[in-house]
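Fold and contact review
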Amino acid sequence: MNVLWIFAHPEGRSLNGALRDHGAATLRRGGHRVRHSDLYAMGWNPVVGPADFGHDPADRLIVGAASERAHAAGALAPDIRAEHDKIAWADALVVQFPLWWYGMPAILKGWFDRVFVQGFAFGVTGGDGRTLRYGDGGLAGRRALVVTTAGARASGLGPRGVHGAAEDLLFPLLHGTLFYTGMDVLPPLVITGADRAGPADHAAAAAALDARLHALPTADPIPYRSEHGGDYTGDLTLRPELAPGRTGPAVHRRPCPAR
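Each value, and the rule that gives it
- Residues numbered from 1 in each chain as written.
- Predicted model: local features only at pLDDT ≥ 70, side-chain atom pairs only at ≥ 80, totals over all residues.
- Heavy atoms only, no water.
- UniProt positions renumbered as here; feature names shortened; annotations may be inferred.
- Domains from an automatic or database assignment.
- Contact = heavy atoms within 4.5 Å.
- Buried area = accessible area lost by both parts, 1.4 Å probe.
- Salt bridge = Lys/Arg side-chain N within 4 Å of Asp/Glu carboxyl O.
- Helix = DSSP H or I, 4+ residues; strand = E, 2+ residues; numbered from the N terminus.
- Expected span 1.5 Å × (residues − 1).

Labelled according to an unreviewed UniProt entry, the protein appears under the name NAD(P)H dehydrogenase (Quinone), originating from Actinomadura luteofluorescens. Looking at the protein in UniProt, the text filed under Sequence similarities (unreviewed entry) is "Belongs to the NAD(P)H dehydrogenase (quinone) family."

As far as domains go, the protein holds domain 1 (2–221) and domain 2 (225–258). Its C-alpha centre places domain 1 at a distance of 25 Å from the equivalent point of domain 2. Between domain 1 and domain 2, the contact holds nine residues from the first and eight residues from the second. Summed over both partners, the interface of domain 1 with domain 2 buries about 760 Å², with 51% contributed by carbon and sulfur atoms. Taken as a group, Arg-130, Arg-133 and Phe-171 account for 44% of the area that domain 1 buries against domain 2, more than any other trio of residues on that side. At the junction of domain 1 and domain 2, the tally comes to two salt bridges.

In the UniProt entry, the feature "domain: Flavodoxin-like fold" (unreviewed entry) is given for residues 1–210. Between the C-alpha atoms that bound residues 1–210 there is a distance of 15 Å. The span itself is 37% helix and 15% strand.

What follows is about helix 1 (residues 15–29). Compared with the 21 Å implied by 1.5 Å per residue over 15 residues, the 21 Å span of helix 1 between its first and last C-alpha is a close match. Summarising the contacts, the buried residues of helix 1 are in contact with strand 1 (2–7), strand 2 (33–38), strand 3 (92–98), strand 4 (143–149), strand 6 (189–191) and helix 8 (199–214). At the C-terminal side of helix 1, Gly-31 shows a positive phi close to 90 degrees.

And the structure:
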């Protein structure tokens, strides 16, 4: 596989940095090819602006339309085009970051804002004119694995934890960004207790990462419901008989098949 590793941590000597280096080596030993987008090291600009699209700043900027026109014309900013080339090359994306304030660092959010432009990652249509999203889209055919560290204990990020369940906290990224654009999204790897981790914890985290990377080509993705799979009504709400009395992110998962 060709794997693009997107890394958003300001310190390469951190646990995150060690895991990134270890994971890339594991992939290469397995015969995979790895490219990197180390956002802090690149000095990535996270701010969307007219220069991204060759847009005259004197005119009103409508980001979606401007980005789609610039993408179609090959006129996006060079740093955005470079990331598009990496994504086009990749069979899988590994997105790694520390969990800050229930989300990703701003530099990584800005990478998605600037790179996942209309006409490339979303806003694409099928042959029948239907918008492709939630299981379809511009990035269909790729896999995505999120790797994140958190200072909280595992119990605090569990289903009854005070912080909320980790996968629910990551729902905007997993479902609303990666799955929305068509990727097969694997269950995230959440390394807890990162602020207090010692050598044994580092070794355990590396082993857990190895297991996920070995399974990257074949692991079952999160069974999210696709928009056009017949599960949703005309106003895009889940059919009530599919999850009676339930609300929240979990309703967008299909039941796991019995094994």
